[in-house]
Amino acid sequence: MKKPLIEVEGVSKFFGDKVVHDGIDLDIRKGEILTLMGGSGSGKSVLLRSLIGLEKPDKGKILFDGQDITKLGEEQLVDVRKRIAYCFQYGALFDSLTIAENLAYPLREHTKLTDGEISERVHAALEQVGLGGSEELLPSDLSGGMQRRVGVARAIILKPEVILYDEPTTGLDPYNTRQILRIVLDLKKQGVTSVLVTHDMSSIFAVTDRVAFLKKGKIAALGTAEEIRDTKNAELKGFILGETM
Ligand SMILES: Nc1ncnc2c1ncn2[C@@H]1O[C@H](COP(=O)(O)OP(=O)(O)O)[C@@H](O)[C@H]1O
Ligand SMILES: [Mg+2]
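Owing to the predicted nature of the structure, the values given are computational and were not obtained by experimental measurement.

### Some words on the pairing of strand β4 (residues 59-64)
Part 1 of the reasoning: Strand direction decides the pairing type here: strand β1 (residues 6-15) and β4, joined by five bridges, are antiparallel. Note that in β4 the partner of serine 12 across the bridge is lysine 59.
Part 2 of the reasoning: In terms of strand pairing, β4 meets strand β5 (residues 67-68) through two bridges, oriented antiparallel. Of the residues in β5, the one forming a bridge with phenylalanine 64 is glutamine 67.
Part 3 of the reasoning: Adjacent in sequence and paired antiparallel, β4 and β5 are bridged by two residues, among which aspartate 65 carries a positive phi angle near 55°.

Shown next, in the form of structure tokens:
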């Protein structure tokens, strides 16, 4: 078997007395879609943020492409974050900048592309999320679902190898939910690895390769979408049914 792209090894994380992660082991394979599920407060967001060094584990390692990112300083993390993009829950766009300027921003920060090349890259990213032609609009001109898709366009603009999505479809209507899932699948075809945190199990089961279930600081279950959906574990089953009602 090929080496995993990301290896979480014995990760523990505490906030004061509170144990959020209690020795987590998890491999993320290149090109897969992995979904993290678990109750509210089970540490899904903290785990996602740890994968790009926004949180530091108190114990354990997180290897990305063989390098332990928990040991890196902010400057080295900038390089990691070009390869692993984090998609914010609410798009987090700059309100006063046009859509095109919002997307150009990371390119101006991190690349030496010319203005022409930047426009092309911005156009291609908007096309990919089904929003071609919205370059000159302001975020406030778009619906919440469209803003979320612009957020995804901004995450893919630097052509990352991994994209982390925190609740990408929460609160979205069925149309925008399908659009987001289509984008995740499109990116998979291009070899991109995705890690999703979600409560929206019914739609996620159609796209995800594997599911990891977080409970009491540990990975309580891990398997393919089918294995998790058909689980005999009553508690897990209840959780899935509860979340998809
Ligand atoms: N910066 C922080 N300081 C203190 N506690 C935190 C912090 N971030 C998260 N927590 C706590 O860690 C637990 C896990 O949070 P989180 O990962 O956001 O949960 P979720 O699974 O809902 O995404 C929660 O109890 C939360 O209150
Ligand atoms: Mg969360």
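There's more to say after this.
### Here we look at helix α3 (residues 99-110)
Residues lying three or four places apart along an α-helix face the same way, a consequence of the helix completing one turn every 3.6 residues.
Part 1 of the reasoning: Among the residues of α3, those classed as buried are Ile99, Ala100, Asn102, Leu103, Ala104, Pro106 and Leu107.
Part 2 of the reasoning: Those residues of α3 that are buried are in contact with α4 (115-128) and α5 (144-156).

### What about the environment of tyrosine 175?
Part 1 of the reasoning: Considering the arrangement of structural elements, one finds tyrosine 175 in helix α6 (residues 174-189).
Part 2 of the reasoning: Its relative accessible area of 44% is what places tyrosine 175 among the partly exposed residues.
Part 3 of the reasoning: Through-space distance from the C-alpha of tyrosine 175 to that of glycine 145 is 8.7 Å; in sequence the pair is 30 residues apart.

### Digging into the pairing of strand β6 (residues 84-87)
Part 1 of the reasoning: Along β6, one buried face is formed by Ile84 and Tyr86 and the opposite face, lined by Ala85 and Cys87, is buried too.
Part 2 of the reasoning: Bridging between β6 and strand β7 (residues 162-166) involves four bridges; their strand directions are parallel. Opposite cysteine 87, over in β7, you have tyrosine 165 as the bridge partner.

### Section: the site of ligand 1
Part 1 of the reasoning: In the neighbourhood of ligand 1, the contacting residues comprise Phe15, Lys18, Val20, Gly39, Ser40, Gly41, Ser42, Gly43, Lys44, Ser45 and Val46.
Part 2 of the reasoning: At 3.2 Å, a backbone N or O of serine 42 approaches an oxygen atom of ligand 1.
Part 3 of the reasoning: Serine 45 is positioned such that a nitrogen or oxygen atom in its side chain is 2.8 Å from an oxygen atom of ligand 1.
Part 4 of the reasoning: For ligand 1, the protein covers 60% of the area, taking 560 Å² as the surface of the free molecule.
Part 5 of the reasoning: At the level of elements, β2 (18-28) and α1 (44-50) are the ones that each hand at least two residues to the shell around ligand 1.
Part 6 of the reasoning: The dominant element in the shell around ligand 1, judged by the number of residues it contributes, is α1, at three residues.
Part 7 of the reasoning: A breakdown of the residues in the shell around ligand 1 according to their chemical character gives three nonpolar, six polar and two charged.

### So, the layout of surface pockets
Part 1 of the reasoning: Approximately 570 Å³ is the volume found for the largest pocket.
Part 2 of the reasoning: If you trace the largest pocket, you find 21 residues lining it, with Arg81, Tyr86, Phe88, Pro106 and His110 closest to the centre.
Part 3 of the reasoning: Counting residues per element, the ones that place at least two in the lining of the largest pocket are α2 (74-83), β6, α3 and α5.
Part 4 of the reasoning: Residue contributions to the lining of the largest pocket peak at five residues, all from α3.
Part 5 of the reasoning: A class-by-class count of the residues in the lining of the largest pocket yields 13 nonpolar, four polar and four charged.

### A few points about empty space enclosed by the protein
Part 1 of the reasoning: Inspection of the entire model under this criterion finds one cavity of 30 Å³ or more.
Part 2 of the reasoning: If you add up the space inside the largest cavity, you get close to 40 Å³.
Part 3 of the reasoning: The wall of the largest cavity is formed by 10 residues, among which Cys87, Phe88, Arg148, Val152 and Pro168 lie closest to the centre.
Part 4 of the reasoning: When residues of the lining of the largest cavity are traced back to their parent elements, those giving at least two are α5 and β7.

Calculation notes
Residues numbered from 1 in each chain as written. Chains lettered and ligands numbered in written order. Predicted model: local features only at pLDDT ≥ 70, side-chain atom pairs only at ≥ 80, totals over all residues. Heavy atoms only, no water. Pairing = 2+ DSSP bridges. Helix = DSSP H or I, 4+ residues; strand = E, 2+ residues; numbered from the N terminus. Buried < 20%, exposed > 50% of the residue type's maximum accessible area, 1.4 Å probe, protein only. Contact = heavy atoms within 4.5 Å. Near = heavy atom within 4 Å. Polar contact = N/O pair within 3.5 Å; in protein donor to acceptor, adjacent residues only side chain to side chain. Areas by Shrake-Rupley, 256 points an atom, 1.4 Å probe, with all protein chains shown as cover. Nonpolar A, V, L, I, M, F, W, Y, C, P; charged D, E, K, R; others polar. 1 Å grid on protein atoms, 1.4 Å probe; cavity = no way out; pocket = protein on both sides within 12 Å on 5 of 7 lines; lining within 4 Å. Points joined across faces, edges and corners; volume = space filled by probe spheres on them.

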